[in-house]
Amino acid sequence: FGRFLHDLSMTDRHEPTVNANGLIYGISSDWGYVTTLNPKNSEVREFGYKVMKGTTDVKILPPGEQPSQFPHNPMVDSKGRLWITDLDHRPTPNLPVLDKPAYCTDGNVSKYAKYYPQPEGMLTFTAVVLDVANQKASGVPMCNSLHHLMFAPDRNTLYFSGGGSKVVSWVDTK
C-alpha cells in the first residue's frame, strides 16, 4: 500500500499473549485507514470506518470506499478488541449535530464536570472500538480532544491524553 503508518499495536501490553500470532494493526492517519499485517503469511490489508454523523455508531467500510475519519492511535485490549482514538467527527451540513453528553458539561450529572466542565457544543471526538473477530464496531463519545491512549494496569480502564487539551479522560471498558 505504501502508506506511512503512524502507530502500531498488536497485543495488550499487560498481557502479551493476547492476540498471539494475530494481526498487527497500524494507523495510516493521513489517509484514514487501519492497515493490518498478518505475520503468518505477510498479507497486508487495509480498511476504513466511518463514525455515522449525528450518532456514535461506527460502520466498517467495504473495500474501496474512501474513509472520512481521522484515526490516530490504536491499542489492543485484553479481550483482543482494537481501540482507536478518532480525531475528527465533524457533522456535514444539513445533518444532525450530536451535542456533548450531559456528563461532559453538567456538574449535577457528573462530579467531574462539576470541577472541570468541558465547553458545551458539538461532539467531535469519538473513541472507536473494533471487535475484529466479529467485524463489529462502536463508538464512545468523548468530552474532550483525544490523542494517545493507554490501558491502566487494572486492564479495564483506558486512559486518553488530549492533544493540546488540559484534561485526561478515561473509559471503563468492562
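Residue positions are counted from 1 within each chain, in the order its sequence is given. Only residues with pLDDT of at least 70 are given local features in this predicted model, and only at 80 or more are side-chain atom pairs given and counted; all residues enter the totals for whole chains, interfaces and linings. Here the side-chain values reflect all heavy atoms present in the structure, with hydrogen atoms and water set aside.

What to know about the sheet that holds strand β1 (residues 8-9)
Phase 1 of the analysis: In this description, strands pair whenever DSSP reports at least two bridges between them. Put simply, DSSP marks the helices as runs of H or I at least four residues long and the strands as runs of E at least two long, and each gets a number from the N terminus on. Strand order in this open sheet of four strands is β1-β2-β3-β4, and the pairing throughout is antiparallel. With one partner strand each, in any of the chains shown, β1 and β4 (43-47) form the two edges of the open sheet.
Phase 2 of the analysis: As paired strands, strand β2 (residues 24-28) and strand β3 (residues 33-38) are joined by five bridges and run antiparallel to one another. Along β3, the bridge assignment pairs Ser 28 with Tyr 33.

What about the pairing of strand β7 (residues 71-76)?
Phase 1 of the analysis: Exposed residues in this analysis have more than 50% of their type's maximum accessible area, buried residues have under 20%, and partly exposed residues fall in between, with area computed by a 1.4 Å probe over protein chains only. The buried fraction of β7 amounts to six of the six residues, a majority that puts the element mostly inside the structure.
Phase 2 of the analysis: In the sheet, β7 pairs with strand β8 (residues 82-86) via five bridges, with the strands oriented antiparallel. Within the sheet, the bridge partner assigned to Met 75 lies in β8 and is Trp 83.

Notes on the pattern of salt bridges
Phase 1 of the analysis: For this analysis, a salt bridge means a side-chain nitrogen from Lys or Arg found within 4 Å of a carboxyl oxygen belonging to Asp or Glu. Going through the model one piece at a time under the given rule, you end up with two salt bridges.
Phase 2 of the analysis: The salt bridge involving Glu 43 is made with Arg 45; its shortest N-O contact spans 3.2 Å.
Phase 3 of the analysis: Note that Asp 77 is salt-bridged to Arg 81, the shortest N-O span being 2.7 Å. For the pair Asp 77 and Arg 81, a shared accessibility class is recorded, and that class is buried.

Concerning the environment of Asn 21
Phase 1 of the analysis: For Asn 21, the position within the fold is in the loop between β1 and β2.
Phase 2 of the analysis: Asn 21 sits 10 residues away from Thr 11 along the chain, and the two C-alpha atoms are 9.5 Å apart.
Phase 3 of the analysis: Only heavy atoms enter the contact rule, under which two residues are in contact if any of them lie within 4.5 Å. When neighbours within four sequence positions are excluded, Asn 21 is seen to be in contact with Pro 39 and Lys 40.

A word on the pairing of β2
Phase 1 of the analysis: Extensive coverage of β2 is indicated by the burial of five of its five residues.
Phase 2 of the analysis: On β2, burial covers both faces: Ile 24, Gly 26 and Ser 28 on one face and Tyr 25 and Ile 27 on the other are all buried.
Phase 3 of the analysis: What sits between the antiparallel neighbours β2 and β3 is a turn of four residues, in which Gly 32 has the positive phi angle 85°.

Observations regarding the sheet that holds strand β10 (residues 136-141)
Phase 1 of the analysis: One open sheet holds the four strands; their spatial order is β7-β8-β9-β10, and the pairing between them is antiparallel. Since the sheet does not close on itself, it has two edges, and those belong to β7 and β10, each with one partner. Here the strands of the sheet are splayed against their neighbours by 25° on average, with no regard to which way each runs.
Phase 2 of the analysis: Two elements, strand β9 (residues 126-131) and β10, share six bridges in a ladder whose sense is antiparallel. Considered in β10, the bridge of Val 129 is made with Ser 138. Axis angles are defined between N-to-C directions and span 0 to 180 degrees, where every axis is a line fitted to C-alpha atoms and, for a helix, only to the segment in contact.

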